[in-house]
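Here are the chains, one letter per residue:
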Amino acid sequence: MKIHEYQAKEILKQYNVPVQDGIAIKDISEFDNAIQQLQQRGINQFVVKSQIHAGGRGKGKIYNPGNRDELILEGGVKFTTSVDKAKEYARKMLGNLLVTHQTGTEGKIVRTLFITEGLDYKKEFYLGILLDRAVSKNVIMASTEGGVEIEKVAAETPEKIIKEWIDPVVGLQPFQARKLAFSLGLDGEAFKNFIKFIPQLYKAYVETDASLLEINPLVITNDNKIVALDAKVNIDDNALYRHKDFEGMRDFNEEDPLEIEASKYNLNYIKLEGNVGCMVNGAGLAMATMDIIKLAGGEPANFLDVGGGANKTTVANGFKIILSDHNVKAILINIFGGIVRCDRVAQGVIDAASQIRINVPVVVRLEGTNAQEAGILLQNSGLNFVVAGSLKDAAEKVTSVLKK
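Here is what the cut-offs are and how they apply
- Residues numbered from 1 in each chain as written.
- Predicted model: local features only at pLDDT ≥ 70, side-chain atom pairs only at ≥ 80, totals over all residues.
- Heavy atoms only, no water.
- Helix = DSSP H or I, 4+ residues; strand = E, 2+ residues; numbered from the N terminus.
- Buried < 20%, exposed > 50% of the residue type's maximum accessible area, 1.4 Å probe, protein only.
- Contact = heavy atoms within 4.5 Å.
- Areas by Shrake-Rupley, 256 points an atom, 1.4 Å probe, with all protein chains shown as cover.
- Lys, Arg positive; Asp, Glu negative; His and termini not counted.
- Charge placed at Lys NZ, Arg CZ, Asp CG, Glu CD.
- Pairing = 2+ DSSP bridges.
- Axes fitted to C-alpha atoms, helices over the stretch in contact; angles between N-to-C directions.
- Parallel < 35°, antiparallel > 145°, perpendicular 65-115°, else oblique.
- Left-handed = near helix turned anticlockwise from the far one by under 90°.
- Nonpolar A, V, L, I, M, F, W, Y, C, P; charged D, E, K, R; others polar.
- Polar contact = N/O pair within 3.5 Å; in protein donor to acceptor, adjacent residues only side chain to side chain.
- Phe/Tyr/Trp six-rings, centres within 6.5 Å; stacked < 30°, edge-to-face > 60°.
- Core = buried A, V, L, I, M, F, W, Y, C linked by side-chain atoms within 4.5 Å.
- Disulfide = S-S within 2.5 Å.

> Provide a residue-level description of the overall build of the chain, including the pertinent values.
Along the backbone of the chain there are 12 helices and 20 strands. Residues classed as buried in the chain amount to 49% of the 404 residues present. Contacts in the chain between residues far apart in sequence, at least 24 positions, make up 68% of those at least 6 positions apart. With an accessible surface of roughly 19600 Å², the chain has 48% of that area assigned to carbon and sulfur atoms. Averaging the locations of the 48 positively and 51 negatively charged side chains of the chain gives two centres separated by 1 Å.

The following block contains the structure:
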């Protein structure tokens, strides 16, 4: 589950991680009160930050959602010392469309702003924590190239990315915090503050069951304090039952409607940009299916794992989700009958297809227990299925029907 910057900073404050002070607003009528509160705290320079689930906000552009040709504002993050200017920025951002390199041309509507204190600082860094699945350890990544997309740094200057792997059994050790600080060239008070900052940040990452915690930029202020100027936190969905207080942080406006609908049926669905709808049981098989579609010259429209017990209900719900995507021009069903028999899956596919209007070709490949019986059922169903004998055959058939 992704959360907004202002929500991430609320969590980090609970772990004594230094962050920008700020107040979130959802309507321009809340602006004056937010500014007054910040001024009462001694803040006299401000940053107006658009809150969307995408990076590159500062370099993005604000458009009129009703007229994409009307550019309203350059940048979705604005600094000013003027209250009037800050309000002007807020008015131009709220309710309008922010387009960044991560949102694509569709952009995202700005429904929340984070009005924060403007800090004077002398250096920016990048800092991120995530799980390195290859070695089953958490890894802290740091770089002197803060404020820049880490993907760009990795592509152009990978030597500037510092990595420190943390054994989950023993946790972050003091020598590792010092090693990171030395690698970033810190000294004096900045060094001391950094080695206090890192354990607090790592504790927040572990105890919130985060799958990603990214600070970009992390800054050294003019008085050598270490502050998280931005914060991106993703929470592991599988651990949300342990964090009931996080449930209210989910912003459905930022999620794809089809993914929200799929979650209601306990389907693992991720929308992609292609035209071949995929319905598969098992995450690994789903990934392999998407790969072989690409190799055959097609483009997968989604990742959809219906789970080990594919039946009439799950297949029907899968069809509904896939067909709701108007880009889908063909469907590939790829089921391995291990936990569930193939003939039962085939009957589920037939029953579901009989009840739902399917106006695109459907290629079905079933392998495993009772696969032959399943093929006979599909061929004798009277429905317009294309039955495939192997995964390669299925991918070739589904891409060939797209050309007709």
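> Can you explain the pairing of strand 10 (residues 137-143)? Please cite residues and give values.
Counting buried positions along strand 10 yields 6 of 7 residues, so the element is predominantly enclosed. Of the pairings in the sheet, the one linking strand 9 (residues 121-132) to strand 10 comprises 7 bridges and is antiparallel in character. Note that in strand 10 the partner of Leu130 across the bridge is Val139. Hairpin connection from strand 9 to strand 10: 4 residues lie between these consecutive antiparallel strands, with Ser136 at a positive phi of about 55 degrees. Examined bridge by bridge, strand 10 and strand 11 (residues 161-166) share 6 bridges and lie antiparallel to one another. Following the sheet pairing, Val139 is matched in strand 11 by Trp165.

> Would you mind going over the packing of helix 9 (residues 312-323) against helix 10 (residues 342-355) in detail, with residue names and values included?
One can describe the packing of helix 9 onto helix 10 by two numbers: an axis separation of 8 Å at closest approach and a directional angle of 45 degrees. Classed by the angle they form, the pair helix 9 and helix 10 counts as oblique. Both helix 9 and helix 10 take part in a crossing whose hand is right-handed. Judged by residue contacts, Lys312, Val315, Ala316 and Phe319 of helix 9 engage Gly348, Val349, Asp351, Ala352, Ala353 and Gln355 from helix 10. Here the contact of helix 9 with helix 10 is composed, by residue class, of 6 nonpolar, 2 polar and 2 charged.

> Could you give an account of the sheet that holds strand 3 (residues 61-64), naming the residues involved and the relevant values?
Spatially, the 4 strands line up as an open sheet ordered 4-3-6-7, and their pairing is antiparallel. Pairing within the sheet leaves two strands with one partner each, and these edge strands are strand 4 (67-74) and strand 7 (108-109). Taken strand by strand, helix 3 (residues 83-93) contacts strand 3 and strand 4, and its axis lies near 160 degrees from that of strand 4.

> Describe the side chain of Gln51, listing the residues and the values that go with them.
As for its placement among the helices and strands, Gln51 is situated in the loop between strand 2 (46-50) and strand 3. Judged by its relative accessible area of 2%, Gln51 is buried. Engagement of the side chain of Gln51 in a polar contact is seen with the backbone nitrogen of Tyr6, the distance being 3.0 Å.

> Hey, could you go over the packing of aromatic side chains for me, with residue numbers and the actual values?
The description of two aromatic rings rests on the distance between their centres and on the angle between their planes. In this structure the tally under the stated criterion is 3 aromatic pairs. Centroid distance Tyr6 to Phe114: 6.3 Å. Interplanar angle 45 degrees. Geometry classified as tilted. Here Tyr6, found in helix 1 (residues 5-14), pairs with Phe114, found in strand 8 (residues 113-117); they are 108 residues apart in sequence, far enough to count as distant. Side by side, Tyr6 and Phe114 carry an identical accessibility label, which is buried.

> Break down the sheet that holds strand 2 for me, with residues and values.
The antiparallel open sheet is built from 4 strands, whose spatial order is 1-8-2-5. Edge strands, defined here as strands with exactly one partner in the open sheet, are strand 1 (22-25) and strand 5 (77-80). Averaged over all pairs of adjacent strands, the angle between their axes in this sheet comes to 15 degrees, without regard to strand direction. Relative to strand 5, strand 2 runs antiparallel, the two being bridged by 4 bridges.

> Outline the nonpolar core, listing residues and values.
Counting residues in each nonpolar core, the largest one holds 43 residues, and the members touching the most others are Leu12, Leu127, Ile140, Phe194, Phe197, Leu201 and Ile215. Considering every element that reaches this core, the biggest residue donor is helix 6 (residues 188-207), with 9 residues. Once residues within four sequence positions are removed from consideration, Leu12 is found in contact with Val17, Val19, Leu201, Ala204, Leu213, Ile215 and Ala231. Counting residues in hydrophobic clusters, the runner-up holds 34 residues, among them Leu267, Ala346, Ile350 and Ala353.

> So, the environment of Gly297: which residues are in play, and what are the values?
Relative to the assigned elements, Gly297 resides in the loop between helix 8 (283-295) and strand 17 (302-305). Taking the C-alpha atoms as reference points, Gly297 and Ser400, 103 residues apart in sequence, are found 9.2 Å from one another.

> Summarise the state of the cysteines; cite the residues concerned and give the values.
Counted under the stated rule, the structure contains 0 disulfides. No disulfide involves Cys278; its sulfur sits 18 Å from the nearest other cysteine sulfur, which is in Cys342. You can call Cys278 buried: its relative accessible area is 1%. For Cys342, a relative accessible area of 0% puts it in the buried group.

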